[in-house]
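# Observations on chain architecture
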Amino acid sequence: MNEQKKSEDQPWYADGLAFECTQCGKCCTGEPGYVWVTDEELAAIAKFLGQPLHEVRELYSRKARGRRSLREKSNGDCVFYDRAKGCTIYTVRPPQCRTWPFWDSNVATPEDWEHTCQVCPGSGQGEVIPVEEISRRLKVIKM
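Overview of the structure. (Residues numbered from 1 in each chain as written. Predicted model: local features only at pLDDT ≥ 70, side-chain atom pairs only at ≥ 80, totals over all residues. Heavy atoms only, no water.)

## Section: the pattern of salt bridges
Here the structure, examined in full by the defined rule, presents five salt bridges. Close ionic contact of Glu-133 with Arg-136 constitutes a salt bridge, the shortest N to O distance being 2.7 Å. Of this pair, Glu-133 and Arg-136 are both found in helix H7 (residues 131-142), three residues apart, which corresponds to roughly one turn of the helix. Accessibility expressed as a relative area gives 45% for Arg-136, which makes it partly exposed. A salt bridge links Arg-137 to Glu-133; the nearest nitrogen and oxygen atoms lie 2.8 Å apart. A residue pair is termed a helical-turn pair when its members lie 3 or 4 positions apart in one helix, as Arg-137 and Glu-133 do in helix H7 at four residues. Look at Arg-137 and you get buried, because its relative accessible area is 16%. (Salt bridge = Lys/Arg side-chain N within 4 Å of Asp/Glu carboxyl O. Helix = DSSP H or I, 4+ residues; strand = E, 2+ residues; numbered from the N terminus. Buried < 20%, exposed > 50% of the residue type's maximum accessible area, 1.4 Å probe, protein only.)

Here is the structure:
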């Protein structure tokens, strides 16, 4: 297949991208941001924590831009991230967390991916994730 045909039909990362989570927590800490959650995802978190949904919604999420996002601690860390233990809701973490680092903002261009590799030690390392899986993850967070 010639290079021009390949670039028209496939994203720049058609051969996949390497990623292996190091559980460093850099995607859960630092500057404030948004981790979007739905009522269904909050319900799963509530069940996991053994707490009523209304309490979880009030204590651990906030309204932002017409949606709900997980709250952050005063230092910008996710409310569910413990620097000694890691993610305290890992098995029910929201799709946005499950799909990291395969977000549009991280894979739009090779330069965006290079920046992601500089801030996330698992990006660019380990197993090559096929383009089909990357595309699936990108679709999950657009829903």
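Picking up where we left off.
## Description of the environment of Cys-28
Within the element layout of this structure, Cys-28 appears in the loop between strand S1 (17-19) and strand S2 (36-37). Exposure remark for Cys-28: the relative accessible area of 24% places this residue in the partly exposed category. A sequence separation of 69 residues divides Cys-28 from Cys-97, and the C-alpha atoms of the two residues are 8.4 Å apart. Discounting residues that sit within four places of it in the chain, Cys-28 has contacts with Gly-76, Asp-77, Cys-78 and Tyr-81. (Contact = heavy atoms within 4.5 Å.)

## Regarding the environment of Gly-50
On the secondary structure map, Gly-50 appears in the loop between helix H2 (39-49) and helix H3 (53-60). Sequence-wise, Gly-50 and Arg-68 are 18 residues apart; in three dimensions their C-alpha atoms are separated by 20 Å.

## Some remarks on the sheet that holds strand S4 (residues 67-70)
Taken in spatial order, the three strands of this open sheet run S2-S4-S3, and their pairing is antiparallel. Edge positions in the sheet fall to S2 and strand S3 (61-64), since each has one partner strand and no second. Where S3 and S4 come together, four bridges link them in antiparallel fashion. By the bridge assignment, Ala-64 is partnered in S4 with Arg-67. Sheet strands touched by H3: S3 and S4. Its angle to S3, the strand with the most contacts, is close to 65°. (Pairing = 2+ DSSP bridges. Axes fitted to C-alpha atoms, helices over the stretch in contact; angles between N-to-C directions.)

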